[in-house]
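Analysis of the macromolecular model
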Amino acid sequence: MITLPPLPFADWSDTRDTLHLFLQIIGKIRLKAHPKLNHWWHVTLYPHVRGLTTGRIPYEDSGFEILYDMFDHEVIVGRNDGRRSSFAVPGLTVSQFYETLFSHLSDLGVTVSIVAVPYDNKSKVPFRDDQAPRAYDAAAVSAFWRALCAISSVFEDYRSRFVGKQTPVQLYWHSFDLVVTRFSGRAHPLEGGTQSDREAYSHEVISIGFWPGDDTFPEAAFYGYAYPEPEGMNTIPLQPEKAFWAEKNGGALAIFKYEDARTSANPAEAISAFLESLYEGAANKANWPAEDLNHIYR
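Computed from a predicted model, the values in this text were never measured in an experiment.

**Thoughts on the side chain of R182**
Relative to the elements of secondary structure, R182 occurs in strand β8 (residues 177–187). No salt bridge forms around the buried R182; measuring N to O, its nearest opposite-charge neighbour E276 is 4.4 Å away. From its side chain, R182 meets the backbone oxygen of Y158 in a polar contact 2.5 Å long. Other than its neighbours up to four places away in sequence, R182 contacts Y158, R159, R161, F162, K165, Q166, E204, V205, I206, E276, Y279 and W288.

Next comes the structure, spelled out in structure tokens:
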């Protein structure tokens, strides 16, 4: 049984935008410093007991980590040799966050150069130049983390039922969503798109995730989709009953609103029912070798 905190989008949307930009800066550092992995898995951030982390990033003969602590609202940079440095986040502009983080990296002997502009974000201002005051509701950030922590546990349980190739539970900082993607094992190269799109969708996938909402869909929700999309995808019966099909970029997107999950009798069971109904229906329609991919020794 999990407990999910309220996440009313309107109450923390400005703080959400601030947090998103701060995490983009951290994510871009991991993107540049970590050895490249398949499907761009080297760019993501990971749930941590106190927030979100880059995990260990190899650097020269050691490594470093950046942790965004969502309880004490500070960023902690650490090296393998025990050195660490931290700074408080509330009240910083994007420019101050950027300059302070890179100053702390430099003090610890880490040199990284990033493309210092937001990616696929409504803000187009380079990080160094973004000096506008930024909202930061610490309680809302902590509530978001409590939600991520609980959802991560459900997602990890979902992962345990699959023996095929799949992603870790990871947060993509450009789109600001927590994701788990399963692979059938069959290649299906994407034609067109960006280099990252083609690498992300080089094989058949069924992907599920959680995102906190944005201006186009102003509420938190769970989602799921398949690539390539099998015929009749949007006719798959979803569970629970409040889950529904929507259209995004010309394709079918399964949606289960966070608030509907939060207020259900058992949020973990409700989320799991959504994930399994989406996966089982999509795998069946796409003719995945589902029986071979089931983990029968749980």
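**With respect to helix α6 (residues 267–285)**
Because an α-helix packs 3.6 residues into every turn, residues spaced three or four apart end up facing the same way. Under the 1.5 Å per step criterion, the end-to-end length of α6 is 27 Å for 19 residues, consistent within 8% with the ideal 27 Å. Counting buried positions along α6 yields 14 of 19 residues, so the element is predominantly enclosed. Positive phi shows up at N287, right after α6, with a value of about 60 degrees.

**A word on the packing of helix α1 (residues 9–33) against helix α2 (residues 94–107)**
Running from N to C, α1 and α2 cross one another at 30 degrees; their axes reach a closest spacing of 10 Å. Classed by the angle they form, the pair α1 and α2 counts as roughly parallel. The handedness of the crossing between α1 and α2 is right-handed. When α1 is examined against α2, the residues L21, F22, I25, I26 and I29 are found in contact with a partner set consisting of V94, F97, Y98, L101, F102 and L105. Residues of the contact of α1 with α2, tallied by class, amount to 11 nonpolar, no polar and no charged.

**Description of the pattern of salt bridges**
Summed over all chains, the structure comprises 16 salt bridges. Residues R50 and D72 are paired through a salt bridge, measuring 3.2 Å at the closest nitrogen-oxygen approach. Taken together, the positions of R50 in the loop between β1 (46–48) and β2 (51–53) and D72 in the loop between β4 (62–69) and β5 (74–79) put the pair 22 residues apart, joining distant regions of the chain. Each member of the salt-bridge network shares a partner with another, and the members are R16, D17, K122 and D215.

Basis of the calculations
Residues numbered from 1 in each chain as written. Predicted model: local features only at pLDDT ≥ 70, side-chain atom pairs only at ≥ 80, totals over all residues. Heavy atoms only, no water. Helix = DSSP H or I, 4+ residues; strand = E, 2+ residues; numbered from the N terminus. Buried < 20%, exposed > 50% of the residue type's maximum accessible area, 1.4 Å probe, protein only. Lys, Arg positive; Asp, Glu negative; His and termini not counted. Salt bridge = Lys/Arg side-chain N within 4 Å of Asp/Glu carboxyl O. Polar contact = N/O pair within 3.5 Å; in protein donor to acceptor, adjacent residues only side chain to side chain. Contact = heavy atoms within 4.5 Å. Expected span 1.5 Å × (residues − 1). Axes fitted to C-alpha atoms, helices over the stretch in contact; angles between N-to-C directions. Parallel < 35°, antiparallel > 145°, perpendicular 65-115°, else oblique. Left-handed = near helix turned anticlockwise from the far one by under 90°. Nonpolar A, V, L, I, M, F, W, Y, C, P; charged D, E, K, R; others polar.

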